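Structural features, examined
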Amino acid sequence: MDLANAPDLQRTAKAADHTVDRRGSLRLLDIDQVSNPQFIADWERLAAQASEPNPFFEPWFLLPSLSAFAGQNSSIAVIAHYTRDTLTGVLPINRSIRYYGYPVPHIACWLHDNAFYGAPLVASGCEHAFWEATLEHMDKSAGRALFLHLPLLEQGGVLDRALEAVLAGSERFNAVVLRRERAMLASDLSCEDYLANALSKKHRKELRRQRRRLADEGDLTVERLSDETDLARWTDQFLALEAAGWKGAAGSALSDDSATGDFFKCALQGAAQAGKLERLTLHLDRSPVAMLASFVTAPGAYSFKTAFNERYAANSPGLQLQIDNLSSLDHPKIKWTDSCAAEGHPMIDRLWTERRQLVSRNIAIGGPLRRAAFRQMMAFETRRKPSS
């Protein structure tokens, strides 16, 4: 992606000690700087005390993301917020000259196609200070950018509430430009009771029949791993299983692009080393027919990627595996699991009955003229569409 204002970003990145008065110190770091071992150690400590867990911005995930997808793109940088020399906030950002296909320069939280949540990592208690410092920095270094775009925040979450409070106090114009909901698992019920509440008696009976049909094909077993045991082989099996299905046929499988496949391997390896990877596999005669990789970031978890053998599609191996995954309801440290699935997903929406509400916000930055132009743009974008 081209840079809207490369010289401005490069000058700002070098100004590592820019001070934002009582709000703390905000620094803009490049990829080499965030790869520094001392910074990574501080970053890991921050992730452990973040007010909202977000595995996609932890070092074991974001560093391979930057390596795979940012490359030499100097438009991407990482906001590092400090409070009395302690790292208290991390947010990757990108300067772009395109906004949903239109030539509108803006600054955005940086997400890629395999990162599913946009909340920054912020130390508990520092949420207001982080947003105040970030917005003031954006005002001073907007360059050609018209606004700040913050995608996929949990509506009503700790960080979203803090942002709303900061925006209300500043009377800074902003707009919600996208609302999404996706299936999540959050219940005090047992696995059996949850399944009984989610699916009809007839549907459960059919699933039991399908499982028997699968078992007729061979020895059907379930394996759950939360360490690095045989991880490289498991990852290769996952990539092969995904590529053999519809994603491979559509050219959207992880292994269809070498950079994406390498990123997936690095992310899973890093998650396992951090003790945050859980793998669930449904085996038929020791061959996987359904696989699931999840990130465990207490008090939440994120279902990252799943794949199944389409040869057995009539017996729903992917759904069978998700039924086995309901055992996560008994995890002592996990209160909820985000499916990371598309809104209205035909499989997981039937089984997981809770919903996570997500919003994307656009926020005015810069001086009065820029903000006036942004307000007019938002009036157009958020206008009521005629009913069809």
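What this report covers is the structure whose coordinates are included nearby. Being a predicted model, the structure only gives us computed values, none of them experimental.

**Focus: the overall build of the protein**
A count of helical and extended segments in the protein gives 14 helices and 13 strands. In terms of overall dimensions, the protein has C-alpha extents of about 70 × 50 × 40 Å along its principal axes. Burial analysis of the protein (388 residues in total) assigns 53% to the buried set. Counted over contacts in the protein with a minimum sequence separation of 6, partners at least 24 positions apart contribute 77%. With an accessible surface of roughly 18000 Å², the protein has 49% of that area assigned to carbon and sulfur atoms.

**Quick word on helix α4 (residues 59-70)**
An α-helix turns once every 3.6 residues. As a result, residues three or four positions apart point the same way. The element α4 is largely enclosed, with a buried count of nine among its twelve residues. Along α4, the positions that sit buried rather than exposed are P59, W60, F61, L62, L63, P64, S65, L66 and A70. With its phi angle positive at about 55 degrees, G71 sits one or two positions after the end of α4.

**Let's talk about the packing of aromatic side chains**
This structure, assessed with the given rule, holds 24 aromatic pairs. Ring plane angle 70 degrees and centroid distance 4.9 Å describe the contact between W60 and F295, whose orientation is recorded as edge-to-face. Of this pair, W60 sits in helix α4 while F295 is found in strand β10 (residues 287-297), placing the two residues 235 residues apart along the sequence. On the basis of relative accessibility, which here comes to 0%, the residue F295 falls in the buried class. Ring centres 6.2 Å apart and planes at 55 degrees place the aromatic pair F116 and F304 in the tilted group. Of this pair, F116 sits in the loop between β4 (106-109) and β5 (121-122) while F304 sits in strand β11 (residues 300-308), and the two are 188 residues apart along the sequence. Judged by its relative accessible area of 5%, F304 is buried. Sitting over the ring of Y82, R27 keeps its end group 4.0 Å from the ring centre.

**Description of the nonpolar core**
Ranked by internal contacts, the top residues of the largest apolar core, which has 81 residues, are F39, W43, F56, F61, L150, F295 and F304. What W43 contacts, discounting residues up to four positions off in sequence, is V34, F57, E58, P59, L62, L63, L87, V90 and L121. In this structure, A183, L185, C191 and W352 belong to the second largest nonpolar core, which totals 16 residues.

**Observations regarding unusual backbone geometry**
Of the consecutive residues A298 and P299, the connecting peptide bond is found in the cis state with omega at 10 degrees. Within the secondary structure layout, P299 lies in the loop between β10 and β11. Positive phi is not limited to glycine here, since D230 has a value of about 55 degrees. Along the polypeptide, D230 turns up in the loop between β8 (220-225) and α9 (231-243). On the accessibility criterion, D230 (44% relative accessible area) is partly exposed. You will see that S316, though not glycine, has its phi angle at about 50 degrees, which is positive. Mapped onto the elements of the fold, S316 is located in the loop between β11 and α12 (317-325).

**Concerning the packing of helix α5 (residues 127-140) against helix α6 (residues 158-170)**
When two helices pack together, you describe them by how their axes are tilted relative to each other and by the distance separating the axes. For the pair α5 and α6, interaxial distance at closest approach is 9 Å and the crossing angle is 55 degrees. Relative to α6, the element α5 is oriented oblique. In the packing of α5 onto α6, the handedness of the crossing is right-handed. Within the contact between the two elements, α5 uses E127, H128, W131, E132 and L135 and α6 uses V158, L159, A162, L163, A165, V166 and L167. Of the residues belonging to the contact of α5 with α6, the class tally is nine nonpolar, one polar and two charged.

**Some points on the state of the cysteines**
The full count for this structure, using the stated rule, is zero disulfides. Distance from the sulfur of C340, which forms no disulfide, to the nearest cysteine sulfur (C109) is 14 Å.

**Remarks on the pairing of strand β7 (residues 174-185)**
In this structure, β7 lies alongside strand β13 (residues 354-364), joined through ten bridges in antiparallel fashion. Of the residues in β13, the one forming a bridge with L178 is S360.

**Side note on the pairing of β13**
By the criterion of burial, β13 is predominantly enclosed, with eight of the eleven residues buried. Strand direction decides the pairing type here: strand β6 (residues 147-154) and β13, joined by six bridges, are antiparallel. Looking at β13, one finds that E154 is bridged to L358.

**Description of the pattern of salt bridges**
For the coordinates displayed, the defined rule picks out 18 salt bridges. Two residues, E136 and K140, come together in a salt bridge whose shortest N-O distance is 3.2 Å. With E136 and K140 both in helix α5 and four residues apart, this pair spans about one turn of that helix. In this structure, the salt-bridge partner of D139 is R371, at a minimum N-O distance of 3.3 Å. In this pair, D139 sits in helix α5 while R371 sits in helix α14 (residues 368-381), placing the two residues 232 residues apart along the sequence. Each of E154, R182, D338 and R356 takes part in a single network of salt bridges with overlapping partners.

The rules we used
In this numbering scheme, every chain counts its residues from 1 along its sequence in written order. For a predicted model such as this one, the threshold for reporting local features is a pLDDT of at least 70, and the threshold for listing and counting side-chain atom pairs is 80 or more; totals across whole chains, interfaces and linings nevertheless cover every residue. Excluded from the side-chain calculation are hydrogens and water; included are all heavy atoms of the structure. For helices the rule is a DSSP run of H or I covering at least 4 residues; for strands it is a run of E covering at least 2, with both sets numbered from the N terminus onward. Per-residue accessibility, obtained with a 1.4 Å probe over protein chains only, is compared with the maximum for each type, and a residue is labelled buried under 20%, exposed over 50%, and partly exposed between these values. Only heavy atoms enter the contact rule, under which two residues are in contact if any of them lie within 4.5 Å. Method for areas: the Shrake-Rupley scheme with a 1.4 Å probe, in which residue coverage is limited to the protein chains shown. Note on ring pairs: Phe, Tyr and Trp rings are taken, using the six-membered ring of Trp, and paired if centres are within 6.5 Å. Classes follow the plane angle, with under 30 degrees stacked, over 60 edge-to-face and the rest tilted. By the criterion adopted, a ring carries a charge over it if an Arg CZ or a Lys NZ lies within 6 Å of its centre and within 35 degrees of its normal. For this analysis, a nonpolar core means a set of buried residues of the types Ala, Val, Leu, Ile, Met, Phe, Trp, Tyr and Cys, connected via side-chain atoms within 4.5 Å. Angles here are taken between N-to-C directions and fall from 0 to 180 degrees, while the axes themselves are lines fitted to C-alpha atoms, restricted in helices to the stretch in contact. The labels follow the angle: roughly parallel below 35 degrees, roughly antiparallel above 145, roughly perpendicular from 65 to 115, and oblique for the rest. By convention the crossing between two helices is left-handed if the near helix lies anticlockwise of the far one by an angle smaller than a right angle, and right-handed if it lies clockwise. Side-chain classes are defined by residue name, with Ala, Val, Leu, Ile, Met, Phe, Trp, Tyr, Cys and Pro counting as nonpolar, Asp, Glu, Lys and Arg as charged, and the others, Gly among them, as polar. By disulfide we mean two sulfur atoms from cysteines, separated by a distance within 2.5 Å. At least two bridges found by DSSP between two strands are what make those strands a pair. Counted as salt bridges are all cases of a side-chain nitrogen of Lys or Arg within 4 Å of a carboxyl oxygen of Asp or Glu.

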